[in-house]
There are 2 protein chains.
Amino acid sequence: MNDLQGLYVRMAVDAWNSELKATNALLDKLSDEQLMREIAPGRNRGIYLLGHLTAVHDQVLPLLRFQETIFPELYGPFHDEPDRAVADLPSISQLRAQWKEVNDTLMAHMNKLPPVEWFTRHANISEADFPKEPHRNRLNVLISRTNHLAYHRGQLVLLVQK
Amino acid sequence: MNDLQGLYVRMAVDAWNSELKATNALLDKLSDEQLMREIAPGRNRGIYLLGHLTAVHDQVLPLLRFQETIFPELYGPFHDEPDRAVADLPSISQLRAQWKEVNDTLMAHMNKLPPVEWFTRHANISEADFPKEPHRNRLNVLISRTNHLAYHRGQLVLLVQK
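Residues numbered from 1 in each chain as written. Chains lettered and ligands numbered in written order. Predicted model: local features only at pLDDT ≥ 70, side-chain atom pairs only at ≥ 80, totals over all residues. Heavy atoms only, no water.

J.: Is there a simple way to explain the packing of aromatic side chains in this structure?
T.: One pass over the full model with this rule turns up seven aromatic pairs over all chains. Aromatic side chains Tyr 8 of chain A and Tyr 8 of chain B sit 4.1 Å apart centroid to centroid with 15° between the ring planes, which places their arrangement in the stacked category. With Tyr 8 of chain A in helix H1 (residues 2–29) and Tyr 8 of chain B in helix H1 (residues 2–29), the pair connects residues from two separate chains. The pair formed by Tyr 8 of chain A and Tyr 8 of chain B is uniform in burial state, with each residue classed as buried. Through pairs of rings, three or more aromatic residues link up here, namely Tyr 8 and Phe 119 of chain A together with Tyr 8 and Phe 119 of chain B. (Phe/Tyr/Trp six-rings, centres within 6.5 Å; stacked < 30°, edge-to-face > 60°. Helix = DSSP H or I, 4+ residues; strand = E, 2+ residues; numbered from the N terminus. Buried < 20%, exposed > 50% of the residue type's maximum accessible area, 1.4 Å probe, protein only.)

Structural data, given as structure tokens:
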């Protein structure tokens, strides 16, 4: 059973790592200036998507019951508010550093989590309700955030100069 | 052990279904005329992404060892070739019908597959090599195609009129 759990976890973590690696390669290719542009006319700018992904990944830290968020101040301007609603955003270089710190922190926790622990509840479901809904576990959070990352990577790629 | 397999399969299939449902809701909202537009200046048109997703999902049928592809003629113009390389594409209404048929066929096979079967090899790895790389199973194909779908849904959403 442990072998099997280990295999499941590896499949989901591999998918996360592969999506993250592709996103980082893309961000390395994009200049700060390119990240200030809109992905399409009238749509979100690269800076907003970078901040949004950082804020959402930061929230995964408490959701997986690892630790508190590192940059709670990002959630308002990059999640609750749409792009351009907040005038005073962090610089691209600061966001790049925060993006890296959040993902490195997540990875350090993930690497230490035994496979069996991935199938325990995430923070948004109570211990009482979890036995009735065992799919609301930590690994499912990772699966859904991997798709969220892919969704926005498909948009960020439009900033690459043709 | 079967419980755990069933749970894990359910998590991955739920993620697929949820991504597919969101994509279908988006496609319902987009007119044929909107799907003829580019997602951003100089980028792929909606028709190309719809054909591309249909061609890729069609390929999942043999990759999961379910059956042959239904519309092999889509793979050239919507996968091997970039958008606008092929002049004579199917109509949007035909592609919408093909998209539905491919996904319905996939779903019918998926619903009949016992959890334990999801952890057997996909078609691109031999029986001899599979024991060394057990993560190259059918469920992993589903996980990676779910991310692929999310990636392009993030692009198709740009066609919605603001």
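There is more to say, and it comes next.
J.: Explain the relation of the copies chain B and chain A here, please?
T.: For these two chain copies, the linking operation is a rotation about an axis paired with a shift along it. For the pair chain B and chain A, the superposition axis carries a translation of 0.0 Å, the fit reaches an RMSD of 0.1 Å, and the rotation angle comes to 180°. With respect to symmetry, the two chain copies, as superposed, fit the operation of a two-fold axis. Relative to the rotation axis, the C-alpha of Tyr 151 of chain B is the closest in chain B, positioned 2.1 Å from it. Looking at the interface residues of chain B, 100% of them are also at the interface in chain A, so both copies use one shared face. (Least-squares fit on C-alpha atoms with pLDDT ≥ 70 in both. Contact = heavy atoms within 4.5 Å.)

J.: Is there a simple way to explain the environment of Phe 66 of chain A in this structure?
T.: Residues and elements named next belong to chain A. By the element assignment, Phe 66 lies in the loop between helix H3 (46–63) and helix H4 (75–80). Overall, the relative accessible area of 16% leaves Phe 66 in the buried class. The sequence separation of Phe 66 and Thr 120 amounts to 54 residues, and the corresponding C-alpha distance is 13 Å. Beyond its immediate sequence surroundings of up to four residues, Phe 66 is in contact with Leu 61, Leu 106, His 109, Met 110 and Leu 113.

J.: Please clarify how helix H3 (residues 46–63) of chain B should be interpreted in this entry.
T.: Residue and element names in this part refer to chain B. With 18 residues, H3 should cover 26 Å at 1.5 Å per step; its first-to-last C-alpha distance of 26 Å lies within 8% of that length. H3 sits mainly inside the fold: 16 of its 18 residues count as buried. Two residues or fewer past H3, Arg 65 is found with a positive phi of approximately 60°. (Expected span 1.5 Å × (residues − 1).)

J.: I keep staring at the pattern of salt bridges and nothing clicks. Help me out?
T.: All names here are of chain A. This structure, assessed with the given rule, holds 24 salt bridges over all chains. Asp 32 serves as the salt-bridge partner of Arg 96, at 3.0 Å between the closest nitrogen and oxygen. Placement of the pair is Arg 96 in helix H5 (residues 92–112) and Asp 32 in helix H2 (residues 32–35), with a sequence separation of 64 residues. The class for Arg 96 is partly exposed, based on a relative accessible area of 24%. Exposure remark for Asp 32: the relative accessible area of 36% places this residue in the partly exposed category. For Arg 84, the salt bridge identified is with Glu 38, shortest N-O distance 2.7 Å. With a gap of 46 residues between them, Arg 84 in the loop between H4 and H5 and Glu 38 in the loop between H2 and H3 connect regions that are remote in the sequence. Since its relative accessible area comes to 35%, Glu 38 is described here as partly exposed. (Salt bridge = Lys/Arg side-chain N within 4 Å of Asp/Glu carboxyl O.)

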